[in-house]
Amino acid sequence: MTDVHDPIEPDTAAEADALEDTAADETASRQRTAVVAEDESLIRMDIVETLSEAGYEVLAAVGDGASAVEKVRELRPDIVVMDVKMPQMDGVTAAEKIGEENLAPVVMLTAFSQKELVERARDAGAFAYVVKPFTPADLLPAIEIAVSRFQQITALNEEIKDLGDRFETRKRVDRAKGLLQSNMNLSEPDAFRWIQKTSMDRRLTMREVADAVIDQLGSGK
């Protein structure tokens, strides 16, 4: 039986290399998919082109929020790129519906950078936002962050059914990720994958792994 209190001391270089190889294999094995929702046709076409050139398969491109929700429910993409202001149903309302059903991460596009709008998008369940006009260098990293965070939250939610425990576990895992990033020189997604892999290898919960990391690396911080 695995001892919960055994020290968790990975070989940093070996673990980092293994994580990079795993990530590369996952990327190569399946093309990521997207749904785009933008009422301005030229911008919509530009987003589709940007995503396609970056290796995404755009499953649908629509011009209103209601159609976006319908397509996301039907197609279950890896990412939704959606404008805030659209006819029939605005992007914030559409993001709320997508978030409530835990269908996909949403990146919001907006021509406005006011704090109130950003907070509305965040509260609606958007994982990232990009202010117009934007370039591929603005959009693509936001998408990667949104996809990564959605995968992490989904994994934690599957492990922990109680809502109160979910919140506390997310806090501990986030702290452990930060410690792994600073001590092992890992990216944020790779730090989470290390926690997830260690959890499976040692038959521990991710919360137990996070607590062990905090105990070993978080003293004095």
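The structure presented is a predicted model; accordingly, all values stated were derived computationally and were not measured.

Trainee: Quick rundown of the overall build of the protein chain? Include the residues and the values.
Mentor: Secondary structure summary: the protein chain contains nine helices and five strands in total. Reading the helices (α) and strands (β) of the protein chain from amino to carboxyl end gives α-β-α-β-α-β-α-β-α-β-α-α-α-α. Looking at the 221 residues of the protein chain, the share that counts as buried comes to 41%. Intrachain contacts of the protein chain at a sequence separation of at least 6 include 64% that bridge at least 24 residues. Total accessible area computed for the protein chain in this model is approximately 11,900 Å², and 48% of it derives from carbon and sulfur atoms.

Trainee: Lay out the UniProt feature "modified residue: 4-aspartylphosphate" (unreviewed entry) in the protein chain in plain terms, naming residues and giving numbers.
Mentor: Residues annotated in UniProt with the feature "modified residue: 4-aspartylphosphate" (unreviewed entry) correspond here to D83. Tracing the chain through its elements places D83 in strand β3 (residues 79-83). Among all residues touching D83, those that are not within four sequence positions of it are A37, E38, D39, G91, M108, L109, T110 and K132.

Trainee: Go over empty space enclosed by the protein, please, and point to the residues and values.
Mentor: Where empty space is left in the structure can be found by rolling a water-sized probe over the atoms. The tally for this structure, following the rule as stated, stands at one cavity of 30 Å³ or more. Approximately 60 Å³ is the volume found for the largest cavity. Forming the boundary of the largest cavity are R149, Q152, I153, L156, R170, V173, D174, K177 and F192. For the lining of the largest cavity, the secondary structure elements donating two or more residues are α6 (136-159) and α7 (163-184). Its residues assigned to classes, the lining of the largest cavity comprises four nonpolar, one polar and four charged.

Trainee: I'd like to hear about the packing of aromatic side chains, residue by residue, with values.
Mentor: A full pass over the atoms with the stated rule returns one aromatic pair. Summarising the aromatic geometry, the rings of F127 and F150 are spaced 5.8 Å apart at their centres and angled 80 degrees between planes, so their arrangement reads as edge-to-face. Taken as a pair, F127 in the loop between α5 (115-123) and β5 (128-131) and F150 in helix α6 lie far apart in primary sequence, 23 residues in all. Accessibility expressed as a relative area gives 27% for F127, which makes it partly exposed. Classification of F150 by relative accessible area gives buried; the value is 13%.

Trainee: So, the side chain of D83: which residues are in play, and what are the values?
Mentor: Among the residues examined, D83 registers a relative accessible area of 5% and is labelled buried. A polar contact of 3.2 Å, which involves the side chain of D83, links it to the side chain of K132.

Trainee: Explain the layout of surface pockets to me, using residue names and the numbers behind them.
Mentor: Here the second largest pocket defines a volume of roughly 300 Å³. Around the second largest pocket sit G99, N102, A104, R122, G125, A126, F127, R149, F150, I153, N157 and R170, which together line it. Broken down by element, the residue count for the lining of the second largest pocket peaks at four residues, all from α6. Per-class residue counts for the lining of the second largest pocket are five nonpolar, four polar and three charged.

Thresholds, definitions, all that
Residues numbered from 1 in each chain as written. Predicted model: local features only at pLDDT ≥ 70, side-chain atom pairs only at ≥ 80, totals over all residues. Heavy atoms only, no water. Helix = DSSP H or I, 4+ residues; strand = E, 2+ residues; numbered from the N terminus. Buried < 20%, exposed > 50% of the residue type's maximum accessible area, 1.4 Å probe, protein only. Contact = heavy atoms within 4.5 Å. Areas by Shrake-Rupley, 256 points an atom, 1.4 Å probe, with all protein chains shown as cover. UniProt positions renumbered as here; feature names shortened; annotations may be inferred. 1 Å grid on protein atoms, 1.4 Å probe; cavity = no way out; pocket = protein on both sides within 12 Å on 5 of 7 lines; lining within 4 Å. Points joined across faces, edges and corners; volume = space filled by probe spheres on them. Nonpolar A, V, L, I, M, F, W, Y, C, P; charged D, E, K, R; others polar. Phe/Tyr/Trp six-rings, centres within 6.5 Å; stacked < 30°, edge-to-face > 60°. Polar contact = N/O pair within 3.5 Å; in protein donor to acceptor, adjacent residues only side chain to side chain.

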